[in-house]
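Now for the letters of each chain:
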Amino acid sequence: MVYTSLEIDEILNKAPVMEPQRQFYFVDQCRKIISALEEKKGRKLTVCINTFGCQMNAKDSEKLLGIMEEIGYVESDSEDSDFVLYNTCTVREHANVRVYGRLGVLKNSKDKNPDMIIALCGCMMQENAVVEKIKQSYKHVDIIFGTYNIYKLAELLFLHFTQKKMQIEIYESPQEIVEDLPSERKFKFKSGVNIMYGCNNFCSYCIVPYVRGRERSREKEDILREIRNLAADGVIEIMLLGQNVNSYAYGFPQLLAEAAQIPEIKRIRFMTSHPKDLSDDLIRVIKDNPKIARHIHLPLQSGSTRVLKEMNRHYTKEGYLELVDKIRSEIKDISITTDIIVGFPGETEEDFQDTLDVVRKAKFESAFTFIYSKRSGTKAALMPDQIPRDIVNDRFNRLLALVTEGATKQTMRYTGQSVEVLVEEINQKDPSLLTGRMSNNSLVHFKGSNDLIGTMAKVHLDEAKGFYYLGTLIRSM
Ligand code: 5AD
Ligand code: SF4
């Protein structure tokens, strides 16, 4: 389908100004182009979205896939697809390197299939240097957009089809929050729900505030309406998402309590909590609502008060440990998980010993450990005394060993008990087993019929296997 430039102008002029109507208009326009292409090729067109990074990106990818399916593409997990999109992360340097590597490989696929469209979006694209590099060295990329305009995918695709040149649209700062766009879920029975976007904390090592902008909270009614719609569509578990949910503008504990009132929703998770903002109110709401998962992800980052100050974290070693104690004494069966960075500029062996000390005392059920990665533009990138690689590696290994040892003991303390799980999938390694997730996020593998997937079940925890349990199904619920 080939439009004249006059026709294109007319289509663009007629586009509604308001969102989301404007995007639905471009979805319709793209659908016409895709139908014509389908006819020509005698098959459906495929889309493959590859997501790097955090839950926030995973959720954005569901929205992007929702738009693509509305246009007429069918999902594929092969990168030999007609449309390949990388939703990128830039929290650590390694993520960027991987994307460049894979873009090189995609070039070969595109040489074989010149109609293939390659698109890039996400946090990495908010960095000028990245976009410049792609413009120069990866000319086979067709569409680039950032974190503030994912809702405009249909419009950008239309421009790509009609203008045939690299489309780049990156905004410097956040736009309006566009509600009610289509979204496709990876799981029928569980879904992430954004409650806020961006971050105001400016931890000195972190690039997120620069690539995701200042905090914007969604209206409480919009969030609750989305959850009710999800519930009506078969969702029983939701995960409320924000870079720091505790600073949700209209009251996070209240939002949680109201979400817990929705009858069809059986379980509510949330991610992530900044220790400086975790309130007594929140602890009470979790304690009073059995539907709220017994799990708090509470990034520590460092156990040294001195390093925490340099990181701009606004809490001390003692303050963090007191908070952990308070949570554990109020909610006995809670799991506390964390993120820890080793090798922050200026970190001494003594600072690192403080981190190990907190790990011993806090008894984390699990911890994600990261080697500090210098991100240009952040305050820490300019700090003197970046730690040599061999010292960092040695600390990282010691930390990982301690975390693993502690976490195994801690997570396996429920052996012999019967618990409720959400049955999530067929076990990936042993298809004769199902995998269920406990409220505290631990996994249990057990025998049962596949139609239990997506439902709650009661399971006996027979045997602790380090990071998971083997169990026996007692009954479905
Ligand atoms: N280097 C290493 N880890 C980082 N994180 C954020 N920025 C960096 C960085 N520059 C980690 C933090 C955060 C998690 C999502 O990623 O631990 O909690
Ligand atoms: Fe980054 Fe800190 Fe914001 Fe988390 S709270 S996204 S670590 S700046």
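Below is a summary of the structure that appears in this document. Computed from a predicted structure; not experimentally measured.

## Observations regarding the state of the cysteines
Thought 1: Tallying each qualifying case throughout the model produces zero disulfides.
Thought 2: Not part of a disulfide, Cys54 finds its nearest cysteine sulfur in Cys89, a span of 6.5 Å.
Thought 3: Judged by its relative accessible area of 38%, Cys54 is partly exposed.

## Notes on the side chain of Asp351
Thought 1: Mapping Asp351 onto the fold places it in helix H13 (residues 349-362).
Thought 2: A relative accessible area of 5% places Asp351 in the buried class.
Thought 3: Residues contacting Asp351, with those up to four places away along its chain left out, are Ser304, Arg306, Val307 and Gly346.

## Comments concerning the pairing of strand E3 (residues 83-88)
Across a regular strand the side chains alternate sides, sitting on one face of the sheet and then on the other.
Thought 1: Of all six residues in E3, six are buried; the element is thus mostly enclosed.
Thought 2: Note that strand E1 (residues 46-51) and E3 share five bridges and pair parallel. By the bridge assignment, Asn50 is partnered in E3 with Tyr86.
Thought 3: Pairing of E3 with strand E4 (residues 117-122), which is carried by six bridges, proceeds in the parallel orientation. Bridge assignment links Phe83 to a residue of E4, and that residue is Ile117.
Thought 4: Crossover connection from E3 via helix H4 (residues 93-112) to parallel E4: handedness right-handed.

## Some remarks on the site of ligand 2
Thought 1: Taken together, the residues surrounding ligand 2 are Cys199, Asn201, Phe202, Cys203, Tyr205, Cys206, Val208, Pro209, Gln243, His274 and Arg313.
Thought 2: Of the residues that constitute the shell around ligand 2, the class distribution is seven nonpolar, three polar and one charged.

## Focus: the sheet that holds strand E6 (residues 167-169)
Thought 1: Here we have six strands laid out as an open sheet, ordered E2-E1-E3-E4-E5-E6, and parallel in their pairing. The open sheet terminates on both sides in strands that have one partner only, identified here as strand E2 (74-75) and E6.
Thought 2: Sitting on the sheet, H4 is in contact with E1, E3 and E4, with an inclination near 175° to E3.

## Describing the site of ligand 1
Thought 1: Around ligand 1, the neighbouring residues are Val91, Arg92, Tyr205, Gln301, Asp339, Ile341, Phe370, Ile371, Tyr372, Ser373 and Arg375.
Thought 2: A distance of 3.0 Å separates a nitrogen atom of ligand 1 from a polar atom in the backbone of Tyr205.
Thought 3: Residue Gln301 places a side-chain N or O atom 2.6 Å away from an oxygen atom belonging to ligand 1.
Thought 4: Elements supplying a minimum of two residues to the shell around ligand 1: strand E13 (335-342) and strand E14 (366-371).

## Comments concerning the pairing of E14
Thought 1: As defined by bridge partners, E13 adjoins E14 across six bridges and the pair is classed as parallel. Across the sheet, the residue bridging to Thr337 is Ser366, located in E14.
Thought 2: Taking the sense of rotation as the criterion, the β-α-β connection linking E13, H13 and E14 turns out right-handed.

## Points about the side chain of Asp60
Thought 1: Checked against the element boundaries, Asp60 lands in helix H3 (residues 55-71).
Thought 2: Among the residues examined, Asp60 registers a relative accessible area of 4% and is labelled buried.
Thought 3: Not counting residues up to four positions away in its chain, the partners in contact with Asp60 are Asn87, Ile150 and Arg212.

## Notes on the packing of helix H10 (residues 280-288) against helix H12 (residues 317-330)
Thought 1: Look at H10 against H12: their axes get within 10 Å of each other, and the N-to-C directions meet at 25°. Relative to H12, H10 is oriented roughly parallel. Where H10 crosses over H12, the two elements pack in a sense that is right-handed. When H10 is examined against H12, the residues Asp280, Ile283 and Lys287 are found in contact with a partner set consisting of Lys326, Ile327 and Glu330.
Thought 2: Per-class residue counts for the contact of H10 with H12 are two nonpolar, no polar and four charged.

## Considerations on the packing of aromatic side chains
Thought 1: All chains considered together, the criterion is met by 14 aromatic pairs.
Thought 2: Between the aromatic rings of Phe52 and Tyr86, the centroid separation amounts to 5.7 Å while the plane-to-plane angle is 75°, which identifies the pairing as edge-to-face. Here the residue Phe52 occupies a position in the loop between E1 and H3, and Tyr86 occupies one in strand E3, the gap between them amounting to 34 residues.
Thought 3: With a relative accessible area of 0%, Tyr86 lands in the buried category.
Thought 4: Ring geometry for Tyr315 and Tyr320: centres 5.9 Å apart, planes at 35°, overall tilted. As far as the burial class goes, Tyr315 and Tyr320 line up, both buried.
Thought 5: Grouped by ring-pair contacts, the aromatic residues Tyr3, Tyr25, Phe26 and Phe158 constitute a single cluster.
Thought 6: In this structure, Lys133 is placed above the aromatic ring of Tyr100, and the distance from its NZ or CZ to the ring centre is 4.1 Å.
Thought 7: Between the NZ or CZ atom of Lys190 and the centre of the ring of Phe187, over which it lies, the distance is 4.7 Å.

## Quick word on unusual backbone geometry
Thought 1: Residue Pro20 is reached from Glu19 by a cis peptide bond, and omega for that bond is 5°.
Thought 2: Tracing the chain through its elements places Pro20 in the loop between helix H1 (5-14) and helix H2 (21-41).
Thought 3: Located in the positive-phi region is Asn312, a residue other than glycine, with phi close to 65°.
Thought 4: With respect to the helices and strands, the residue Asn312 is situated in the loop between helix H11 (305-310) and H12.
Thought 5: Of note, the phi angle at His314 is positive, near 65°, even though the residue is not glycine.
Thought 6: Along the polypeptide, His314 turns up in the loop between H11 and H12.

Cut-offs and rules
What you see as residue numbers is a count from 1 along each chain, following the sequence as written. Whichever chain is written first becomes A and whichever ligand is written first becomes 1, with later ones labelled in order. Reporting in this predicted model follows two pLDDT cut-offs: at least 70 for local features of residues, and 80 or more for side-chain atom pairs to be given and counted; totals over whole chains, interfaces and linings ignore these cut-offs and use all residues. Excluded from the side-chain calculation are hydrogens and water; included are all heavy atoms of the structure. In this description, the term disulfide denotes a pair of cysteine sulfurs within 2.5 Å. Accessible area is worked out with a 1.4 Å probe on protein chains only. A residue is then buried under 20% of its type maximum, exposed over 50%, and partly exposed in between. Starting at the N terminus, helices and strands are each numbered in turn, a helix being any DSSP run of H or I of at least four residues and a strand any DSSP run of E of at least two. Contact criterion: two residues are considered in contact whenever any of their non-hydrogen atoms come within 4.5 Å of each other. Strand pairing is assigned whenever DSSP identifies at least 2 bridges connecting the two strands. Here is how to tell: hold the view so the strands point away, follow the path from the first strand over the helix to the second, and if it runs clockwise the crossover is right-handed. If a single non-hydrogen atom of a residue is within 4 Å of a molecule or strand, that residue counts as near it. Residue type decides the class: Asp, Glu, Lys and Arg count as charged, Ala, Val, Leu, Ile, Met, Phe, Trp, Tyr, Cys and Pro as nonpolar, and the leftover types, Gly among them, as polar. The angle between two axes is taken between their N-to-C directions and runs from 0 to 180 degrees, where each axis is a line fitted to C-alpha atoms and a helix contributes only its stretch in contact. The definition of a polar contact used here is a pair of N or O atoms within 3.5 Å, where within protein one atom must be able to donate a hydrogen and the other to accept one, and adjacent residues in sequence count solely through side-chain atom pairs. By definition in this entry, angles of less than 35 degrees are roughly parallel, angles greater than 145 are roughly antiparallel, angles of 65 to 115 are roughly perpendicular, and the rest are oblique. Two helices cross in a left-handed way if the nearer one is turned anticlockwise from the farther one by less than a right angle. They cross in a right-handed way if the turn is clockwise. Centre distance within 6.5 Å is the pairing criterion for rings of Phe, Tyr and Trp, where only the six-membered ring of Trp is used; planes under 30 degrees apart are then read as stacked, over 60 as edge-to-face, and the remainder as tilted. Consider the ring centre and the ring normal. A charge sits over the ring if Lys NZ or Arg CZ is within 6 Å of that centre and within 35 degrees of that normal.

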